[in-house]
Amino acid sequence: MVSVIEKRKKEHLELCVKKDVLFHNKTTLFEDVELSYKALPEISMSEVDLSTSFLGKKFSFPFLASAITGGAQVSKKVNLEIASACQELGVGMGLGSMRAMIQQPSLKETYYVRGVAPDIFLAGNLGAAQLKQFTPEKINEALDSIEADALAIHVNAAQEAVQPEGDVDFTGLITKIAEYSEKISVPVYVKEVGHGISFEVASALRGTSIKAIDVQGAGGTSWTAVDALRHKEGFGLIFRDFGLPTAVSLIETKTALSGTDKKVIASGGIRNGLEAVKALVLGADLCGNALPLLKVQQKKGTKGVREYLLNFKKEMQITSFLIGCKDINEIHSEKALLLGKLRDWVKE
Ligand SMILES: Cc1cc2nc3c(=O)[nH]c(=O)nc-3n(C[C@H](O)[C@H](O)[C@H](O)COP(=O)(O)O)c2cc1C
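Read on for a plain summary of the structure.

### Some details on the site of the ligand
Residues in close proximity to the ligand total 23 residues, the closest being Ala67, Ile68, Lys191, Gln216 and Thr221. In this structure, valine 193 approaches the ligand through a main-chain N or O atom, which is 3.3 Å from an oxygen atom. Between the ligand and leucine 291 there is a distance of 3.0 Å, counted from an oxygen atom to a backbone nitrogen or oxygen. Look at the ligand: alone it shows 610 Å² of surface, and the protein chains cover 95% of it. More than half of the atoms of the ligand fall within 2 Å of the grid points belonging to the largest cavity. Only helix 1 (4–18) and helix 11 (291–322) provide two or more residues apiece to the shell around the ligand.

Below, the structure written as structure tokens:
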């Protein structure tokens, strides 16, 4: 019998691939970030090396495929094909929520990618609300069985509020995240799903043992739109554009975490290597996306994902060359000019 979770997972995949699930009147605001172009960069593009490490694992360039799926039979192929491309390209990957496999361990095979991706940074995933449901031991067992390097806890009040069967009791979750980040056997980070982490939320997480925040801001896939489309009459579509643009969320999160050694991942609507380098200049340690990878995987399988990632890397290398930066340290010491709406937002 197909469980409620498996049915939802299938619907999410289908809606994301076939329907308009993007923000309509809000962008990431990376268009308001201007880099300092150097017509004479005084480096050779072949010198640009974007390799980095994150939570102890090496990346050939700073890209983390954001969580997409797991738990439905259709998830297996998606995960394996994205994972093989990530292994070839030397980048990391997040799996979809592991709630289904914790409830039904036979679903492990829909998440397990170590056969094709033995070396990549691999993050397991669970909703913050599920921390009330599962003990740290249960979660550790599941993480161990898929050989995950980290756990991403997703915080998604906007999505749950619109989801027909959403879990809207978010009381006490900051304390739970603090507690579980001490008890989980791998590093823990917190992620949104496309509506952004604010200064206040990042500040509340600052004192916990989480190792990073993945901002997943607004401007790409709108998860209020995805779940509104699961209501008969599209109830909830007024929330399609809710949330903090990714560039704003990144700046707010960086500010809230400054002075700590916590990392920041820029994501949510990042669609090319130029935007990714802008995010690095604003202080991100890694960048990532989900929907473009899913779409290319559905059309062209592993080969398509590999080409997409190669292209993305090339765009990042060109951008670094054009601002005269050989590596991520140099990119991090670059300054960006903030214009228009982004500047207004950050001033406020
Ligand atoms: C089909 C699909 C399923 C997703 N499932 C999860 C999930 O299980 N857990 C999670 O944290 N995020 C999930 N996400 C959200 C993404 O990780 C990401 O935060 C969001 O899509 C915004 O990034 P994008 O604009 O690059 O798509 C999913 C995304 C897609 C496209």
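Now that the structure is up, let's keep going.
### Remarks on the pairing of strand 6 (residues 122–127)
Across the 6 residues that make up strand 6, a large majority, 6, are buried. What you see with strand 6 is no split at all: Leu122, Gly124 and Leu126 on one side and Ala123, Asn125 and Gly127 on the other are buried throughout. Looking at chain direction, strand 5 (residues 92–94) and strand 6 are connected through 2 bridges and run parallel. By the bridge assignment for strand 6, methionine 93 is matched with leucine 122. Where strand 6 meets strand 7 (residues 150–154), 5 bridges bridge the pair, whose relative direction is parallel. Each residue of the ladder has a partner; that of asparagine 125, found in strand 7, is alanine 152. In this fold, strand 6 hands off to helix 4 (residues 136–145), which returns the chain to strand 7; that crossover is right-handed.

Thresholds, definitions, all that
- Residues numbered from 1 in each chain as written.
- Predicted model: local features only at pLDDT ≥ 70, side-chain atom pairs only at ≥ 80, totals over all residues.
- Heavy atoms only, no water.
- Near = heavy atom within 4 Å.
- Polar contact = N/O pair within 3.5 Å; in protein donor to acceptor, adjacent residues only side chain to side chain.
- Areas by Shrake-Rupley, 256 points an atom, 1.4 Å probe, with all protein chains shown as cover.
- 1 Å grid on protein atoms, 1.4 Å probe; cavity = no way out; pocket = protein on both sides within 12 Å on 5 of 7 lines; lining within 4 Å.
- Sits in = over half its atoms within 2 Å of the grid points.
- Helix = DSSP H or I, 4+ residues; strand = E, 2+ residues; numbered from the N terminus.
- Buried < 20%, exposed > 50% of the residue type's maximum accessible area, 1.4 Å probe, protein only.
- Pairing = 2+ DSSP bridges.
- Right-handed = clockwise from strand over helix to strand, strands pointing away.

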